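Now for the letters of each chain:
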Amino acid sequence: MRKRNESVTVEHERAAAAAVPGPLDKGCSLRRSLRLPASAAAEGMKRPLGRRHALWFRLRKLLLWLLGMYIAIPFLVKLCPAIQAKLVFLNFVRVPYFIDLKRPQDQGLNHTCNYYLQPEEDVTIGVWHTVPAALWKNARGKDQLWFEEALGSSHPVILYLHGNAGTRGGDHRVELYKVLSSLGYHVVTFDYRGWGDSIGSPSERGMTYDALHVFDWIKARSGDNPVYIWGHSLGTGVATNLVRRLCERETPPDALILESPFTNIREEARSHPFSIYRYFPGFDWFFLDPITTSGIKFANDENVKYISCSLLILHAEDDPVVPFHLGKKLYNIAATSRSFRDYKVQFVPFHTDLGYRHKYIYRSPELPRILR
């Protein structure tokens, strides 16, 4: 009986010992309980580090892509001169958008008529003719024939040649038409082939021929009324090309007005503040030579040596597109040219404080006096 009780007691003690953990089991259990929070903390630290690494990888990839494009563009321009020609003309930029060029009255030009002329086969250009403000009431509801006949009235005519980008309906251009109309001028303007709703491919030769065609169209209807040519920015290159040709055939205009002119397209491209490649090695070879290869010169500095009519140059000192010093340089060339010895050459600067920049000279209250 005692042996049996002793065996039962021993078995009971063994079971109790197995149920109560020893020191070693306590340590193992503690380590197991601490292991889960430690791994969670490690994973939490890896997440922001992984995000930073991914962000840095994407940023580095973007920077390498931009650097590659920056280096590749000069070679693309060199291999495809047509790209550089498009950058000079910017005729694919139509600002403002969503306007109907057939309806100049939508731009506040209620005394303006829209025409279409055909300088060459397969080329059609859109033309706006704004009559002097004094004829505004008579012009309401009139057709193209009336507007053409109105060119023979006793009012001078300005043929306006706009710059690159945009259309004849550009905001600053429309405002200038209104100012000139209020001063008693007919204003005839048009979009070169490839601009606006005009049909054809742009080129310096084509732009000049379009201008010549419109000038002859005006002269055939204006009689003895004075005809002035006004060119702005890139349009100054078209204007001097046109006037040089008119002088060579001995039919010069009554005066030439150049607003924000440059000397030639190479110097303008080299001096353009927006050119991020000006200091790129081989800039002339990569960028300027393709312009010449495309037949684009707009050599105002050469043209003025063959022009024989009065010349007025307007330029704002704060012009960010065509630097002021180029307009001044062109004036110095013209003023010393023998072709102008019997004609007046005038340069009118506009101070930086006025804020006229590249296209707001029309705001000057002095403009009527200057034109007179």
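Keep in mind that this is a model prediction, so the values were computed, not measured.

Draft legend 1. Looking closely at the packing of helix α3 (residues 81-89) against helix α10 (residues 283-293). With their axes 8 Å apart at the nearest point, α3 and α10 run at an angle of 90° to one another. One element, α3, and the other, α10, form an angle in the roughly perpendicular class. Along its contact with α3, which presents P81, Q84 and V88, the element α10 presents F287, P290, I291 and T293. Its residues assigned to classes, the contact of α3 with α10 shows five nonpolar, two polar and no charged.

Draft legend 2. How the structure looks around the pairing of strand β7 (residues 310-316). Burial analysis of β7 places six of its seven residues in the buried class, which makes it a mostly covered element. Relative to β7, strand β6 (residues 255-259) runs parallel, the two being bridged by five bridges. Each bridged residue has a counterpart across the sheet, and for L258 the counterpart in β7 is I313. Where β7 lies against strand β8 (residues 345-350), six bridges are found, and the strand directions are parallel. Bridge pairing in β8 places L314 opposite V348. Once you follow β7 into helix α12 (residues 324-335) and on to β8, the crossover reads as right-handed.

Draft legend 3. View of the nonpolar core. Counting 63 residues, the largest nonpolar core has F89, L159, L161, F190, I229, L256 and F298 as its most contacted members. Every residue in contact with F298, bar those within four places of it in the chain, is listed here: F89, E204, M207, L234, G237, V238, N241, F262, T263, N264 and I265. In terms of nonpolar packing, the next biggest core, distinct from the first, is built from 25 residues, V187, L312, I361 and Y362 among them.

Draft legend 4. Representation of the confidence of the model for the chain. On average, residues of the chain score 87 in pLDDT, and 83% of them reach the 70 mark or higher. For the stretch residues 1-5, pLDDT sits under 50, and the model shows zero contacts to residues farther than four places along the chain or on other chains.

Draft legend 5. Seen up close, helix α6 (residues 171-182). Along its 12 residues, α6 runs 17 Å from first to last C-alpha, staying within 8% of the 16 Å computed at 1.5 Å per residue. When we look at burial in α6, the residues that qualify are H172, R173, V174, L176, Y177, L180 and S181. Once α6 finishes, G184 follows within two positions and takes phi at roughly 100°, a positive value.

Draft legend 6. Here's a closer look at the side chain of N300. Looking at the element boundaries, N300 is found in helix α11 (residues 300-303). Within the local environment of N300, its side chain forms a polar contact with the backbone oxygen of F262, the two atoms lying 2.9 Å apart. Look past the residues within four positions of N300 in its chain and what remains in contact with it is T236, G237, T240, F262, T263 and L330.

What counts as what
Residues numbered from 1 in each chain as written. Predicted model: local features only at pLDDT ≥ 70, side-chain atom pairs only at ≥ 80, totals over all residues. Heavy atoms only, no water. Axes fitted to C-alpha atoms, helices over the stretch in contact; angles between N-to-C directions. Helix = DSSP H or I, 4+ residues; strand = E, 2+ residues; numbered from the N terminus. Parallel < 35°, antiparallel > 145°, perpendicular 65-115°, else oblique. Contact = heavy atoms within 4.5 Å. Nonpolar A, V, L, I, M, F, W, Y, C, P; charged D, E, K, R; others polar. Buried < 20%, exposed > 50% of the residue type's maximum accessible area, 1.4 Å probe, protein only. Pairing = 2+ DSSP bridges. Right-handed = clockwise from strand over helix to strand, strands pointing away. Core = buried A, V, L, I, M, F, W, Y, C linked by side-chain atoms within 4.5 Å. pLDDT = per-residue confidence, 0-100. Expected span 1.5 Å × (residues − 1). Polar contact = N/O pair within 3.5 Å; in protein donor to acceptor, adjacent residues only side chain to side chain.

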